Amino acid sequence: MKLSIGAKIQSITLVALLGFAAVVGLAAYGLHGAIAEARAIKTRDLVTTAHGVLAHFEAEERAGRMSRDKAQATAVATVKALRYAGKEYFWINDMQPRMIMHAAKPELDGKDLSELRDPNGKALFRDMVEVVKASGSGYVPYQWAKPGAEQPVDKISYVQGFAPWGWIIGSGVYADDTAAQMRPTMISLLAGLLVTASLVGTIAFLIGRGISRPALTLADVMGALAAGDLTKQVPATRRHDEIGRMIEATRVFKDGLARARALEAEAAEAKVTAEAERKAA
């Protein structure tokens, strides 16, 4: 496939713009991972803090200042009231697993969770128990509906065991919240990409037109000269680049061809005149 000079320049521009888009895509991917990781670490730290509430009231029990029932009830009430990032909450379940307290869905309190599964069939609370048994704490991904919504979305929770009471305390972050945090940055990145694409495209178009038009004109003139047609006009120019030198070289070539034609005509006329004089003599 033969491409014109202008098309080749535009193809280079297209490749550059695709490269910009790839860079923006990679930046968005890296930003998403960084935000998700930062939120997961923040959730872990908050669960550790809430775990300290349980430890505090368990210490009150050991000191004899509270009965176990009173210490546990007070700890549950304290954790239930905790909120962060506006609406994020904590829950507590035991190792059976059975729900001790769920701040967003109190209807789960006291229920057996062993067969509770997310839309993908994952027994999430059994997985939490296994994580705690294996390492004491860790992350568990699953799907769960946000407070006030019915449609489950991707969520990753951090759970930590509290051995003295056989409890697990946890909290999590939703994937669509991460996307919402990214949205302003993504809008800025896309706006920058569009502005850059417009500038690069416009400059490439002007450069391509500035090269392709004179080149096409020169091609027509050279083709005519090769066919012996001297009527084609060489375009006037004040350019001092390679295109300008090509135009001047074409003008010199045409002028030289015209002079050669004139000399040939003069020589032919002189020959005819000499022949006529010879015949007359």
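For the structure itself, look to the data block above.
What counts, and at which threshold
Residues numbered from 1 in each chain as written. Predicted model: local features only at pLDDT ≥ 70, side-chain atom pairs only at ≥ 80, totals over all residues. Heavy atoms only, no water. Helix = DSSP H or I, 4+ residues; strand = E, 2+ residues; numbered from the N terminus. Areas by Shrake-Rupley, 256 points an atom, 1.4 Å probe, with all protein chains shown as cover. Lys, Arg positive; Asp, Glu negative; His and termini not counted. Charge placed at Lys NZ, Arg CZ, Asp CG, Glu CD. Phe/Tyr/Trp six-rings, centres within 6.5 Å; stacked < 30°, edge-to-face > 60°. Buried < 20%, exposed > 50% of the residue type's maximum accessible area, 1.4 Å probe, protein only. Lys NZ or Arg CZ within 6 Å of the ring centre and 35° of its normal. Pairing = 2+ DSSP bridges.

A. Representation of the overall build of the protein chain in the model. Scanning the protein chain for helices and strands turns up five helices and five strands. For the protein chain, the sequential pattern of α-helices and β-strands runs α-α-β-β-α-β-β-β-α-α. Expressed as lengths along the three principal axes of its C-alpha atoms, the size of the protein chain is roughly 150 × 35 × 30 Å. When the accessible surface of the protein chain is split by element, carbon and sulfur atoms take 61% of a total near 16700 Å². Seen as two clouds, the 35 positive and the 30 negative side-chain charges of the protein chain have centres 3 Å apart.

B. Structural context of unusual backbone geometry. Glutamine 96 connects to proline 97 through a cis peptide bond whose omega is 10°. Residue position: proline 97 is located in the loop between strand E1 (91-94) and strand E2 (99-102).

C. The packing of aromatic side chains, seen in detail. In total, this model carries seven aromatic pairs according to the counting rule given. With a centroid separation of 6.3 Å and an interplanar angle of 90°, the aromatic rings of tyrosine 142 and tryptophan 144 are classed as edge-to-face. Tryptophan 144 carries the same exposure label as tyrosine 142, and that label is buried. Taken together through their ring pairs, the aromatic side chains of Trp91, Phe125, Tyr142 and Trp144 make up a single cluster. Above the plane of the ring of tryptophan 144 lies lysine 105, whose end atom (NZ or CZ) is 4.8 Å from the centre. Positioned above the aromatic ring of tyrosine 174, the side-chain terminus of lysine 146 is 5.6 Å from the ring centre.

D. Main features of the environment of isoleucine 41. Among the secondary structure elements, isoleucine 41 is positioned in helix H1 (residues 5-62). When its relative accessible area of 33% is taken as the criterion, isoleucine 41 is described as partly exposed. As a C-alpha pair, isoleucine 41 and tyrosine 158 span 117 residues in sequence and 8.9 Å in three-dimensional space.

E. Representation of the pairing of strand E3 (residues 137-145) in the model. Where E3 lies against strand E4 (residues 152-162), nine bridges are found, and the strand directions are antiparallel. In the sheet register, alanine 145 faces E4, and the bridge partner there is proline 152. As consecutive antiparallel partners, E3 and E4 are separated by six residues, and within that stretch glycine 148 has a phi angle of approximately 85°, a positive value.

F. Fine view of the pairing of E4. Bridge count between E4 and strand E5 (residues 167-174): eight bridges; the pairing is antiparallel. Bridge pairing links serine 157 to glycine 172 in E5. Adjacent in sequence and paired antiparallel, E4 and E5 are bridged by four residues, among which glycine 166 carries a positive phi angle near 65°.

In short, the description is geometric, and any link to function would need to be established separately.
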